[in-house]
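Descriptive structure summary
One-letter residues, chain by chain:
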Amino acid sequence: MSAVSTTHTAPVVVVMGVAGTGKTTVGELLAGRLGVPYAEADAFHPPANIAKMSSGTPLDDADRAPWLDAIGAWAAGRLGHGGVVSCSALKRGYRDRLRAGYPELFFLHLTGERALISRRMEQRRDHFMPTALLDSQFATLEPLQPDECGAVVRVDAGPEAVASRAVDALRSATAARAGCAEPLAHPAP
């Protein structure tokens, strides 16, 4: 697929959602289509957070604060250049914290039925997030609010189709909302 050209500056996108929605896979595909770098939020976790989640213990807000700040700093550093980063960003407060350094962040919320996401998590290998924490993720999730710059994309298709939906949603949402992010042009030939 060809990269999506932009009329101005490429957006900085946070691919958000509960564990198992495909944030990494879709984020990498989206970054490729936008022609911008991708960052994996898990890489921003300190070792203590990974150990805590690996043991089946959900993180609390104190655990998340430095992680969110590191992701927000990465996003702010992409201002004028564009980028895609995955981050669960389940609560409005977390998204507000991420936006502190870059108010124009675009949140792409990947969503799907719990049973589908659970099956996907059970098929993953070498990931520290156990399926047992999925219920706590759904309980914590606060959907995007009307005043938040973003779009919701269902994950009930393969990764390439979801990435195409993501590009379409980003293009539609940014074109409709001035100040949200720079509008995207049509895909380059």
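Residues numbered from 1 in each chain as written. Predicted model: local features only at pLDDT ≥ 70, side-chain atom pairs only at ≥ 80, totals over all residues. Heavy atoms only, no water.

**Looking at helix α3 (residues 61-77)**
Taking 1.5 Å as the rise per residue, α3 with 17 residues should run 24 Å; its terminal C-alpha atoms sit 24 Å apart, in good agreement. Within α3, burial applies to D63, R64, A65, W67, L68, I71, G72 and A75. Those residues of α3 hidden inside the fold are in contact with β2 (12-16), α2 (47-54), β4 (83-86) and α4 (92-99). Capping of α3 at its N-terminal end is provided by D60; its side-chain oxygen lies 3.1 Å from the backbone amide nitrogen of A62. (Helix = DSSP H or I, 4+ residues; strand = E, 2+ residues; numbered from the N terminus. Expected span 1.5 Å × (residues − 1). Buried < 20%, exposed > 50% of the residue type's maximum accessible area, 1.4 Å probe, protein only. Contact = heavy atoms within 4.5 Å. Polar contact = N/O pair within 3.5 Å; in protein donor to acceptor, adjacent residues only side chain to side chain.)

**Notes on the pattern of salt bridges**
Between side chains of opposite charge, pairing is possible as soon as their charged atoms come close. Applying the stated criterion to the full structure yields 16 salt bridges. The residue R33 makes a salt bridge to E160 at a minimum N-O spacing of 2.5 Å. Residue R33 is found in helix α1 (residues 23-34), and its partner E160 is found in helix α7 (residues 159-176); the two are separated by 127 residues along the sequence. Take R33: its relative accessible area is 7%, and that puts it in the buried class. Two residues, K52 and D60, come together in a salt bridge whose shortest N-O distance is 3.8 Å. Owing to a relative accessible area of 38%, D60 belongs among the partly exposed residues under this scheme. A network of salt bridges, in which partner residues are shared, links R92, R95, D96, R99, D147 and E148. (Salt bridge = Lys/Arg side-chain N within 4 Å of Asp/Glu carboxyl O.)

**Considering the sheet that holds strand β5 (residues 106-111)**
The five strands are arranged β3-β4-β2-β5-β6 in an open sheet whose pairing can be described as parallel. Across the chains shown, the open sheet's two edge strands, defined by having one partner strand only, are β3 (38-39) and β6 (150-154). Sheet topology places β2 next to β4; four bridges connect them, and they run parallel. Within the sheet, the bridge partner assigned to V14 lies in β4 and is V85. (Pairing = 2+ DSSP bridges.)

**Some points on unusual backbone geometry**
The backbone phi angle of A89 is positive, close to 45°, even though this residue is not glycine. Considering the arrangement of structural elements, one finds A89 in the loop between β4 and α4. By relative accessible area, A89 is classed as buried at 1%.

**Structural notes on the nonpolar core**
Within the largest apolar cluster, 22 residues are counted, with the highest numbers of intra-cluster contacts made by V13, L30, V84, F106, L108 and L110. Going through the elements one at a time, β2, α1, β5, β6 and α7 are the ones with two or more residues in this core. Ranked by residue count, the leading element in this core is α7, at six residues. Sequence-distant contacts of V13, defined by excluding residues within four places in its chain, comprise L30, L34, G83, V84, V85, F106, L108 and L170. In this structure, M16, A39, W67 and L68 belong to the second largest nonpolar core, which totals 18 residues. (Core = buried A, V, L, I, M, F, W, Y, C linked by side-chain atoms within 4.5 Å.)

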